[in-house]
Each structure stands twice: as C-alpha cells, then as structure tokens.
Amino acid sequence: MPEAPPLPPAYPQLAVSAAIFRDGRILLARRARSPARGFYSLPGGRVEFGEPLLTALHREVDEETGLKIDIIGLAGWREVLPAPSGGGHYLIMSFAARWIAGEPVVNQELDDFRWLPPGEFGNLNLTGGLPEVIEAARRLL
C-alpha cells in the first residue's frame, strides 16, 4: 500500500525567507516540492525549535542556494493559511539581504533560479504577496 502523506502540524509553523539583491536584481527560486511546488518565491524555510531567526535564515539560504548573504533587516511578514483541501499554516518572516558570494545551483528543494529586475517577473507563477515583500525589501536597501 502507498504511504499516506504526513498530516500537517496542528499549529502554525514559523519560517523565514530572504529577498536577496545583487547588482539591482532580485533572486527568485522555483520550488521543487510542496508546499508551493512550481511557484517562484524567495529562498527560505522553517525555523527550528530554539533557533534564532537570523541564524535560521543564513542556514536556509545556504542549504537551498549555497549563497552567502548580508541580512539588512526585516522587510515584512505574511501568513499562509491552510487551503480547504489541506496544507500547513505558516508565518513567514521575510528579510532584505545583499548577495555576498556564491552562485545558486538547482537541487531537491529548488529546480530553477532567476536574477530579475524587481517588478519584471513576466508570466512567472509567484507565491502570494511576493511582489509586495520584494518592494518592501528593496526600500530597505
């Protein structure tokens, strides 16, 4: 018998993401797994229990992209509520950051990367609220 997918936690999960800027462009990454599979978003992920937010952000960006970043400040947050069909409840703290070193590579988490001018996203499938978070991050720089 196929294994049933795990049930989402019965409580909200805290996550972090980074709006990483390099030479006037923002890094967008396409998610290779659920949640948000096939959508472009900012690199990031869940905060582990007892882990400071900025430590979690450096860890997640390194794990997902291999990039080294300089975190500038909190750009905003957004809440992702479970859909009627299921899913998790997330609170995502998004930070503005500058690229320091490294080049992103595709992996199990992210299957495409693009450095784009802010606001010039064409027909890409974006996660909800992404343009607003990017604009708030750009203003911090």
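Above this text sits the structure in question.
This one's a predicted model, so the numbers in the text were calculated from it and none came from an experiment.

S.K.: When you look at the overall build of the protein in this model, what are you seeing that I'm missing?
M.R.: From N to C terminus, the protein includes two helices and seven strands. Walking the protein from its N terminus toward its C terminus, one meets helices and strands in the order β-β-β-β-α-β-β-β-α. Reported as C-alpha extents along the three principal axes, the dimensions of the protein are approximately 50 × 35 × 25 Å. Put simply, the protein has 141 residues, and 41% of those count as buried.

S.K.: I would appreciate a short explanation of the side chain of Ser94 in the present structure.
M.R.: Structurally, the position occupied by Ser94 is in strand β6 (residues 90-101). Polar side-chain contacts of Ser94 include one of 2.7 Å to the side chain of Ser17.

S.K.: What should I look at first to understand a nonpolar patch on the surface in this one?
M.R.: Among the surface-exposed residues, Leu14, Trp77 and Leu91 lie close enough to one another that they form a single nonpolar patch of about 290 Å² accessible area. Residue classification places Leu14 among the partly exposed residues on the basis of a relative accessible area of 35%.

S.K.: For this particular structure, what's the right way to read helix α1 (residues 53-65)?
M.R.: Residues separated by three or four positions in an α-helix point in the same direction, a consequence of the helix having 3.6 residues per turn. Taking 1.5 Å per residue, 13 residues should reach 18 Å; α1 reaches 18 Å between its end C-alpha atoms and fits that length. Looking at α1, one finds that the buried residues are Ala56, Leu57, Arg59, Glu60, Val61, Glu64 and Thr65. Remark: Gly66 follows α1 within two positions and exhibits a positive phi of approximately 80°.

S.K.: Honestly, the packing of aromatic side chains in this entry has me stumped. Any pointers?
M.R.: Tallied over the entire structure, the rule returns zero aromatic pairs. The ring of Trp99 has Arg22 sitting right over it, with the charged end atom 3.8 Å from the ring centre. It is Arg22 that lies over the ring of Trp115; its NZ or CZ is 5.4 Å from the centre.

S.K.: Before we go on, may I ask you to explain the nonpolar core in this structure?
M.R.: Most often, soluble globular proteins keep nonpolar side chains buried together rather than apart. Membership of the largest hydrophobic core comes to 17 residues, with the highest contact counts inside it found for Val16, Ala18, Ile20, Leu57, Val61, Ile69 and Phe95. Ignoring sequence-local partners within four residues, the contact set of Phe95 consists of Val16, Ser17, Ala18, Ala19, Leu53, Leu54, Leu57, Ile71, Gly73, Leu74 and Ala75. Core analysis: the next-biggest nonpolar cluster, separate from the first, contains 16 residues, Leu28, Leu42, Ala96 and Ala136 among them.

S.K.: When you look at the pairing of β6 in this model, what are you seeing that I'm missing?
M.R.: If a strand is regular, its side chains alternate between the two faces of the sheet. Both strand β1 (residues 13-22) and β6 contribute to a ladder of nine bridges, which runs parallel. Residue pairing for β6: Ser17 is matched across the bridge by Ser94. Bridge count between strand β5 (residues 68-80) and β6: eleven bridges; the pairing is antiparallel. What sits directly across from Gly76, in β6, is Ser94.

S.K.: Which parts of the structure should I look at to understand unusual backbone geometry?
M.R.: The backbone of Asp23 shows a phi angle near 50°, a positive value even though the residue is not glycine. Positionally, Asp23 belongs in the loop between β1 and β2 (25-31).

Criteria and cut-off values
Residues numbered from 1 in each chain as written. Predicted model: local features only at pLDDT ≥ 70, side-chain atom pairs only at ≥ 80, totals over all residues. Heavy atoms only, no water. Helix = DSSP H or I, 4+ residues; strand = E, 2+ residues; numbered from the N terminus. Buried < 20%, exposed > 50% of the residue type's maximum accessible area, 1.4 Å probe, protein only. Polar contact = N/O pair within 3.5 Å; in protein donor to acceptor, adjacent residues only side chain to side chain. Patch = residues over 30% accessible without salt bridge, like charges linked within 9 Å, V, L, I, M, F, W, Y side chains within 5 Å. Areas by Shrake-Rupley, 256 points an atom, 1.4 Å probe, with all protein chains shown as cover. Salt bridge = Lys/Arg side-chain N within 4 Å of Asp/Glu carboxyl O. Expected span 1.5 Å × (residues − 1). Phe/Tyr/Trp six-rings, centres within 6.5 Å; stacked < 30°, edge-to-face > 60°. Lys NZ or Arg CZ within 6 Å of the ring centre and 35° of its normal. Core = buried A, V, L, I, M, F, W, Y, C linked by side-chain atoms within 4.5 Å. Contact = heavy atoms within 4.5 Å. Pairing = 2+ DSSP bridges.

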